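# Residue-level structural notes
One letter stands for each residue in the lines below.
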Amino acid sequence: MKVFGKEIGKDFKMPPFLDNFFGKLLPHKNNEELVTIPSTNISDEEKVFELSMALPGLDKNDVQIQIEDDYLIISGHKSQSLEEKNKNWVRTEFVGNSFYRAFALPTNADPNRIEAKMKNGILDIKVGKRPQAERKTRIIEVA
């Protein structure tokens, strides 16, 4: 079978616009799964670092945020089920979506000053900065 003029299974790669639209194709054991990585905007402000993550369809109860070994870890999971009953048949479908992102905290980030809010599928996180200690110049003589 040919797709975009290429034979499937012979070094076939999706065009970049399709990869961007559908998400990243990541290997999982011997099969391949379609994994969506949430888009995140990060800004370095004067007193805080701000992260905004697009999580459409999720609410705050579906999201977990934690600090582990100087990493800000954001993960989430949403499960849904649909059952249709008809005269002669029953159909049940289960759908589960999850994501996991980890961000290394900069050395001047204060893990004790983190705030998170979620509204309309956008997760906003503010990570406070530590006050910069005054740096003093010291000259060391070589003996």
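Placed above this text is the structure.
First, a word on what this report is: a plain description of the structure on this page. Every chain begins its residue count from 1, and numbering advances along the sequence as written. The predicted origin of the model limits local features to residues at a pLDDT of at least 70 and limits the giving and counting of side-chain atom pairs to 80 or more, whereas totals for whole chains, interfaces and linings rest on all residues. No hydrogens and no water enter the side-chain calculation; it runs on all heavy atoms of the structure.

This part is about the sheet that holds strand 7 (residues 63-68). The strand order across the open sheet formed by 3 strands is 7-8-9, and the pairing between neighbours is antiparallel. The outermost strands of the open sheet, each flanked by one partner alone, are strand 7 and strand 9 (90-104). The sheet shows a mean angle of 15 degrees between the axes of neighbouring strands, taken without regard to direction. Across 6 bridges, strand 7 lies against strand 8 (residues 71-85) in antiparallel orientation. By the bridge assignment, Val63 is partnered in strand 8 with Gly76. In this analysis, strands are considered paired if DSSP registers two or more bridges between them. Runs of E in the DSSP output that reach at least two residues are strands. Runs of H or I that reach at least four are helices, and both are numbered from the N terminus. The axes are straight lines fitted to the C-alpha atoms, using for helices just the contacting stretch, and the angles between their N-to-C directions are given from 0 to 180°.

Turning our attention to the pairing of strand 8. Connecting the antiparallel pair strand 7 and strand 8 is a turn made up of 2 residues, with Asp69 showing a positive phi of about 50 degrees. Here strand 8 runs beside strand 9; their pairing, made up of 15 bridges, is antiparallel. Across the sheet, the residue bridging to Leu82 is Glu93, located in strand 9. Here strand 8 folds back onto strand 9 in antiparallel fashion, the turn holding 4 residues.

The next subject is the environment of Leu51. Assignment of secondary structure puts Leu51 in strand 6 (residues 48-54). Sequence separation between Leu51 and Ile125 is 74 residues, and the spatial gap between their C-alpha atoms is 5.1 Å.

Before going further, it helps to examine unusual backbone geometry. Positioned with a positive phi, Asp69 is a non-glycine residue whose angle comes to about 50 degrees. When you line up the elements, Asp69 lands in the loop between strand 7 and strand 8. For Asn120, which is not a glycine, the phi torsion comes out positive at approximately 55 degrees. Here Asn120 lies in the loop between strand 10 (109-119) and strand 11 (122-129).

What follows is about the side chain of Asp62. Assignment of secondary structure puts Asp62 in the loop between strand 6 and strand 7. Only heavy atoms enter the contact rule, under which two residues are in contact if any of them lie within 4.5 Å. With residues up to four places along the chain from it excluded, the contact list for Asp62 reads Gly57, Ser75, Gly76, His77 and Lys78.

A word on the packing of aromatic side chains. The criterion for an aromatic pair is that two Phe, Tyr or Trp rings (for Trp, the six-membered ring) have centres within 6.5 Å, with stacked assigned to planes under 30 degrees apart, edge-to-face to planes over 60 apart and tilted to the rest. Tallying each qualifying case throughout the model produces 0 aromatic pairs. When the ring centre of Phe49 is taken as reference, the NZ or CZ atom of Lys129 above it lies at 4.7 Å. Criterion for a charge above a ring: Lys NZ or Arg CZ within 6 Å of the ring centre, and within 35 degrees of the ring normal.

Ordered by their spatial adjacency, 4 strands build an open sheet running 5-6-11-10, and the pairing between neighbours is antiparallel. Across the chains shown, the open sheet's two edge strands, defined by having one partner strand only, are strand 5 (40-44) and strand 10. Neighbouring strand axes in the sheet, compared pairwise and without regard to direction, differ in orientation by 15 degrees on average. One ladder, built from 7 bridges, connects strand 6 with strand 11; its direction is antiparallel. Residue pairing across strands places Phe49 opposite Val127, the latter belonging to strand 11.

Let us now look at the side chain of Ser75. Relative to the helices and strands, Ser75 resides in strand 8. With a 1.4 Å probe rolled over the protein chains alone, any residue whose accessible area is under 20% of its type maximum counts as buried; one over 50% counts as exposed, and the rest are partly exposed. With relative accessibility at 17%, the residue Ser75 sits in the buried group. Not counting chain neighbours up to four residues away, the residues in contact with Ser75 comprise Asp62, Val63, Gln64, Phe99 and Tyr100.

Geometry only, nothing functional implied.
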